[in-house]
Amino acid sequence: RKAGIEPKHIARTISKTFCEQIFRHGFVHCDPHEANLLIRPHPKKRGHAQLVLLDHGLYKELPDEFRRNYCRLWKALVCSD
């Protein structure tokens, strides 16, 4: 909050980034601890966060079948199925 960024915007940005990596691209940064995530004020959206991923030494490519099954899992969880 000291930087003028709402925590909910930080959470949304991190969640959206990793969901896009998993579900859309299938290529995921596999070492997302606090020293590898830089949060800074978004240069164009006041009060919003911009995420910078650091240390790109560990990525995993997710096969399409895994991604489809993972989508089904999340859909079942969300829909209580």
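Quick caveat: nothing in here was measured; it's all calculated off a predicted structure.

Chemist: Explain the pairing of strand E3 (residues 49-53) here, please?
Modeler: Moving residue by residue along a regular strand, the side chains alternate between the two faces of the sheet. Burial along E3 is one-sided: Ala49, Leu51 and Leu53 are buried, while Gln50 and Val52, pointing the other way, are not. Here strand E2 (residues 37-41) pairs with E3 via five bridges, running antiparallel. Each bridged residue has a counterpart across the sheet, and for arginine 40 the counterpart in E3 is glutamine 50.

Chemist: Quick question: what am I supposed to make of the environment of asparagine 69 here?
Modeler: The topology assignment puts asparagine 69 in helix H2 (residues 64-78). Within the structure, asparagine 69 has its side chain in polar contact with the side chain of arginine 72 (distance 2.8 Å).

Chemist: Can you help me understand the side chain of histidine 29 in this one?
Modeler: Note on placement: histidine 29 falls in strand E1 (residues 27-29). Reaching out from histidine 29, the side chain makes a polar contact with the backbone oxygen of aspartate 55 at a distance of 3.1 Å. For histidine 29, the contacting residues outside a window of four places in its chain are Phe18, Gln21, Asn36, Leu53, Leu54, Asp55, His56, Leu58 and Tyr59.

Chemist: Where do I start with the packing of aromatic side chains in this structure?
Modeler: Here a ring pair, both rings aromatic, is described through the centre-centre distance and the interplanar angle of the planes. In this structure the tally under the stated criterion is four aromatic pairs. Measuring from ring centre to ring centre gives 5.0 Å for phenylalanine 27 and tyrosine 59, while their planes differ by 15 degrees; the resulting arrangement is stacked. Linking phenylalanine 27 in strand E1 with tyrosine 59 in strand E4 (residues 59-61), this pair joins segments that are 32 residues apart in sequence. Assessed through its relative accessible area of 43%, phenylalanine 27 is described here as partly exposed. Measuring from centroid to centroid gives 6.4 Å for tyrosine 70 and tryptophan 74, while their planes differ by 85 degrees, and the two rings are edge-to-face. Remark: tryptophan 74 and tyrosine 70 occur in helix H2; sequence separation between them is four residues, near one turn of the helix. By relative accessible area, tyrosine 70 is classed as partly exposed at 25%.

Chemist: How should the nonpolar core be read in this particular structure?
Modeler: Grouped burial of nonpolar side chains is what soluble globular proteins tend to show. Phe18, Ile22, Val28, Leu37, Leu51, Leu53 and Leu62 together form the largest nonpolar core, which totals seven residues. Among the secondary structure elements, those contributing two or more residues to this core are helix H1 (7-25) and E3. Apart from the residues within four sequence positions on either side, leucine 37 is in contact with Ile14, Phe18, Pro32, Leu51, Val52 and Leu53.

Calculation notes
Residues numbered from 1 in each chain as written. Predicted model: local features only at pLDDT ≥ 70, side-chain atom pairs only at ≥ 80, totals over all residues. Heavy atoms only, no water. Buried < 20%, exposed > 50% of the residue type's maximum accessible area, 1.4 Å probe, protein only. Helix = DSSP H or I, 4+ residues; strand = E, 2+ residues; numbered from the N terminus. Pairing = 2+ DSSP bridges. Polar contact = N/O pair within 3.5 Å; in protein donor to acceptor, adjacent residues only side chain to side chain. Contact = heavy atoms within 4.5 Å. Phe/Tyr/Trp six-rings, centres within 6.5 Å; stacked < 30°, edge-to-face > 60°. Core = buried A, V, L, I, M, F, W, Y, C linked by side-chain atoms within 4.5 Å.

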